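Notes for the structure review
Residues per chain, in single letters:
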Amino acid sequence: MKNKLKYLICILAFLLLTACGGVVKTDMSFDDSFAGSRVMTYTISNSDYTSYVQKDFATVAATLKALCPEDIEITSVTQDDSNIVAVFTINFSSKDDYEKKVGNILKAVGSDIEPKVTLLRSNTAFAKGVAFQENFGTEDLLKWMRDGMMNNEYITSSYEIYIFSTSQVSLNIAGEEYEKDANMSIIDVNTTKYLPINGIEFNTVINKDGSIDRSIAIDIPNTSYDQAKDDIDKFMAERSGEVGTGTWSEANNSHIFTVEGKALSADDCKKMTEKFTGKSLDSKTGSAAKDTQVSEETQVESESKESTEESTEATSDTSDAVDKRHLFSKNYTLNEYINLEDYISNYNNAVSFDYYVNPENNYEGTITDGTGYSSTVSRSAMSGDSNTLLYSGYSSTFDIKLDVNILPNVSKYKHIVEITPTGKIKRNITVVFSESFNENDAKSLEEKLKSVLSNSKIKLDKVSLNGKDLEVKISSSGTMDEDAKMWEETTGYSRSISSLDIDKKGYFVTKQRISFMDDFNPEIFTSGNVDSYEYIVKNVGKPVDRGLYIDGSFENAEAKFKGNDFIVKGENVMMSNYSSPFFVSVRTNFTIYIIFAAVAFVFILIIAILLLILFNKSKKNKNNVVVVDAPVNTTSNTVSIKKDDVREAVVADKTPENTQDTEVVSEEKDEDVSEAKPSDKVVCSNCGQENNAGDKFCSSCGKEIL
């Protein structure tokens, strides 16, 4: 039984191997400009046609002509005594034209292949020869024929595998034959000899003023360098000059050649990159700023200028939308197409490529390699002096499109929060930016902030440039819901976990239990480093439990209660590591006591004022009474009290009961008389002349006045 089964399997295998089916022969031919044709000849013997195809030749030929895609020309369909031969041709004027027509054909047959054609005619220090590769085959281009014959039931499914049984390829470039009738379904011809390299590294630093520091390094193993030292030295010397300087170094059994430029404009950075890659701007055309850029283009666009050319330059982003999440950042787009075909050094026609950036900025975008594979890249700002790896790939070309947020230096961040007894949240934020804004930047920022905050309850209190320091003050006030909404709408940062719970609200509540979580995101100002960070919630009392506020701290910052304030304070704080502060506390509401004290003070003040008024009025009345009762000398306008009158009054009052008192009064009155004003008169006992009181001698007779 086993022998019979083996026999049947052998018979089936023999039948399959001897069945010829359709043979496809591809002749690819083009000149130096990549103008040429792809001729695909399909041949099937009459005997196989009769065995597999259940329709006559005329019907099949008519069907093929009806189904043929627009970009394929049916050159001929013939039948002789032995075979049926169909010739299909794709004519093209350039590599782009060829890829476009192939793409149309593949799309028409429902294929998801994105055509990629690689032609390398290398004569560099690392590769010499020709490499031609495609990622599709003739069977893919003639799939419409297979599907038509199957859908029309010209062939049964059991014979489908024989429609294309064999493929052969011939390749002719500029009259030189590189392959002849090779058995391959996809064209992959490589006659190149290689000297391997380890890879190429780009370091790109976008400075705060928009200038670029760039270094490009190629790592060549000593085994390759030693084989062609002179050739490699000459090749690399031609890849630096005009912009940037080239230097050699040795490390880890490798020779490393580095081209470096500092504080470059975007145009100079492009020139340096073009020089290194050996690919000019004209090698690939492109469209405007945000589409595919021209070859080797390094385009940096800022918000402060406007683009007028396709060539690389610092230009403005034409979008009217404001990046709410980065209001204080300088926002750029970095677009460059890096072509490393001159550094291909292996049969994969690819280069190991690393792209480094400075860590202080935010990066987000895509990088598409030569195969069409696109990678999304995103990196938030972090502290550190060393550049960080943004992307690592393995291909021949890299189309880079990045949005870059250049973060300002923040020397001081102070955020004061007050929670009123009624549950309102008042914020006062002061931020000092150092060496990040000039006068024009400050004006532009102020205008942008006024525009953004114009329809918000958030107030811009101050924008002041003092030397190299820019101080910005912003404030707001509202309930928890209002606070979360206004800041979320203005900044774009979610406030989903903010909460404020006060057990008893009002100005006349003596004690309040407060539970507060504040997910206000300070990254609106910067997600980078802050020299001095301070967050204070004023007058919230004492913590209920020490463990209920530890979440308020984050790297290089400590949360604690000090007095009645909750404080998060630190130095060299990375804002991207921010953690929402949270605490539960109990506070005594001193507002009511302050109100009572104020009322009492006002009451006491009013009483004091009234008493003072009454006292002054009483004193005035007393003075008026004395003046009225005194004898008046109308001549001198003074009050005169005569001694005789006084004596008579004293004698008349000398009763036994009042004698002692009268004597005292008399003495006091005598003293008063002796101290009378100079205008009082006394009579000289000698001549009767009136003299002034106090005179010792008479002004008339000269006798002593007694």
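Structure's up top.
Residues numbered from 1 in each chain as written. Predicted model: local features only at pLDDT ≥ 70, side-chain atom pairs only at ≥ 80, totals over all residues. Heavy atoms only, no water.

Some points on the pairing of strand S22 (residues 397-406)
Counting buried residues along S22, eight of its ten residues qualify, which places the element largely inside the surrounding structure. Where strand S17 (residues 330-339) lies against S22, ten bridges are found, and the strand directions are antiparallel. Looking at the pairing, Lys-330 lines up with Ile-406 of S22. Of the strand pairs in this sheet, strand S19 (residues 362-369) and S22 are connected by eight bridges, and their pairing is antiparallel. Of the residues in S22, the one forming a bridge with Tyr-363 is Val-404. (Buried < 20%, exposed > 50% of the residue type's maximum accessible area, 1.4 Å probe, protein only. Helix = DSSP H or I, 4+ residues; strand = E, 2+ residues; numbered from the N terminus. Pairing = 2+ DSSP bridges.)

Things to note about the environment of Ser-434
Among the secondary structure elements, Ser-434 is positioned in strand S24 (residues 425-434). Take Ser-434: its relative accessible area is 15%, and that puts it in the buried class. Those residues within four positions of Ser-434 in sequence are excluded, and the remaining contacts are Asn-409, Ser-411, Lys-468 and Asp-469. (Contact = heavy atoms within 4.5 Å.)

A look at the state of the cysteines
Summed over the entire model, instances satisfying the criterion amount to zero disulfides. The thiol sulfur of Cys-684 is not disulfide-bonded, and the nearest other cysteine sulfur, from Cys-698, lies at 3.6 Å. Cys-684 sits in the buried class, given a relative accessible area of 2%. (Disulfide = S-S within 2.5 Å.)

Notes on the side chain of Asn-521
For Asn-521, the position within the fold is in the loop between strand S28 (511-517) and strand S29 (529-538). Only 2.9 Å separates the side chain of Asn-521 from the backbone nitrogen of Glu-523, close enough to count as a polar contact. Those residues in contact with Asn-521, other than ones at most four positions away along the chain, are Tyr-493 and Tyr-578. (Polar contact = N/O pair within 3.5 Å; in protein donor to acceptor, adjacent residues only side chain to side chain.)

Considering helix H10 (residues 439-453)
Here H10 contains 15 residues, and its C-alpha end-to-end distance of 21 Å stays within 8% of the 21 Å for a straight helix at 1.5 Å per residue. Along H10, the residues classified as buried are Asp-441, Ala-442, Leu-445, Lys-448, Leu-449 and Leu-453. Taken end-on, H10 shows its buried residues confined to a sector of 130°, consistent with a single buried face. The exposed set on the far side of H10, more than 90 degrees from its buried face, consists of Glu-439, Asn-440, Glu-447, Lys-450 and Ser-451. Contacts made by the buried residues of H10 are with S17, strand S25 (459-466), strand S26 (469-478) and helix H11 (480-491). The N-capping residue of H10, defined by a side-chain oxygen 3.1 Å from the backbone nitrogen of Asn-440, is Asn-438. (Expected span 1.5 Å × (residues − 1). Arc of directions from axis to C-beta.)

Section: the environment of Lys-426
On the secondary structure map, Lys-426 appears in strand S24. Sequence spacing of Lys-426 and Ser-476 is 50 residues, and the spatial spacing of their C-alpha atoms is 5.8 Å. Contact partners of Lys-426, with chain neighbours within four places excluded, come to Ile-416, Val-417, Glu-418, Thr-420, Ser-476 and Ser-477.

Remarks on a nonpolar patch on the surface
Taken together, the side chains of Phe-601, Val-602, Leu-605, Ile-606, Ile-609, Leu-610 and Ile-613 define a hydrophobic patch exposed on the protein surface, amounting to about 660 Å² of accessible area. As for its position among the elements, Val-602 is in helix H12 (residues 591-629). (Patch = residues over 30% accessible without salt bridge, like charges linked within 9 Å, V, L, I, M, F, W, Y side chains within 5 Å. Areas by Shrake-Rupley, 256 points an atom, 1.4 Å probe, with all protein chains shown as cover. Salt bridge = Lys/Arg side-chain N within 4 Å of Asp/Glu carboxyl O.)

Section: the packing of aromatic side chains
Counted by the stated rule, this structure contains 35 aromatic pairs. Here Tyr-42 and Phe-164 contribute two aromatic rings whose centre-to-centre distance is 5.7 Å and whose plane-to-plane angle is 75°, an arrangement assigned as edge-to-face. With a gap of 122 residues between them, Tyr-42 in strand S2 (residues 36-45) and Phe-164 in the loop between helix H6 (143-151) and strand S7 (166-173) connect regions that are remote in the sequence. In this structure Phe-164 comes out as buried when scored by relative accessible area, which is 6%. Ring geometry for Tyr-98 versus Phe-136: centroids 6.3 Å apart, planes at 50°, classification tilted. Here Phe-136 lies in strand S6 (residues 127-137) and Tyr-98 lies in helix H4 (residues 95-108), a separation of 38 residues in the sequence. Using a relative accessible area of 0% as the deciding quantity, one classes Phe-136 as buried. Pairwise contacts between aromatic rings join Phe-30, Phe-34, Phe-92, Tyr-98, Phe-132 and Phe-136 into one cluster. (Phe/Tyr/Trp six-rings, centres within 6.5 Å; stacked < 30°, edge-to-face > 60°.)

Remarks on the pattern of salt bridges
Considering all chains together, one arrives at 29 salt bridges under this definition. Measuring nitrogen to oxygen at the nearest pair gives 2.6 Å for the salt bridge that ties Glu-336 to Arg-214. Of this pair, Glu-336 sits in strand S17 while Arg-214 sits in strand S12 (residues 212-221), and the two are 122 residues apart along the sequence. Looking at Glu-336, the relative accessible area reads 1%, which means it is buried. Among the ionic pairs, Asp-441 bridges to Lys-330, the shortest N-O distance being 3.1 Å. In this pair, Asp-441 sits in helix H10 while Lys-330 sits in strand S17, placing the two residues 111 residues apart along the sequence. In this structure, a network of salt bridges that share partners links the residues Arg-427, Asp-483, Arg-495, Asp-518 and Asp-519.

Concerning the sheet that holds S2
One open sheet holds the six strands; their spatial order is S3-S4-S2-S1-S7-S8, and the pairing between them is mixed. Among the strands making up the open sheet, the edge pair consists of strand S3 (73-79) and strand S8 (176-182). Across the sheet, the axes of successive neighbouring strands diverge by a mean angle of 10°, strand direction being ignored. Examined bridge by bridge, S2 and strand S4 (residues 83-92) share ten bridges and lie antiparallel to one another. Looking at the pairing, Gly-36 lines up with Phe-92 of S4. (Axes fitted to C-alpha atoms, helices over the stretch in contact; angles between N-to-C directions.)

Looking at unusual backbone geometry
You will see that Asp-181, though not glycine, has its phi angle at about 50°, which is positive. By secondary structure assignment, the location of Asp-181 is in strand S8. For Asp-181, a relative accessible area of 31% puts it in the partly exposed group. At Ala-263, a residue that is not glycine, the phi angle is positive and equals roughly 50°. Residue position: Ala-263 is located in strand S14 (residues 254-264).

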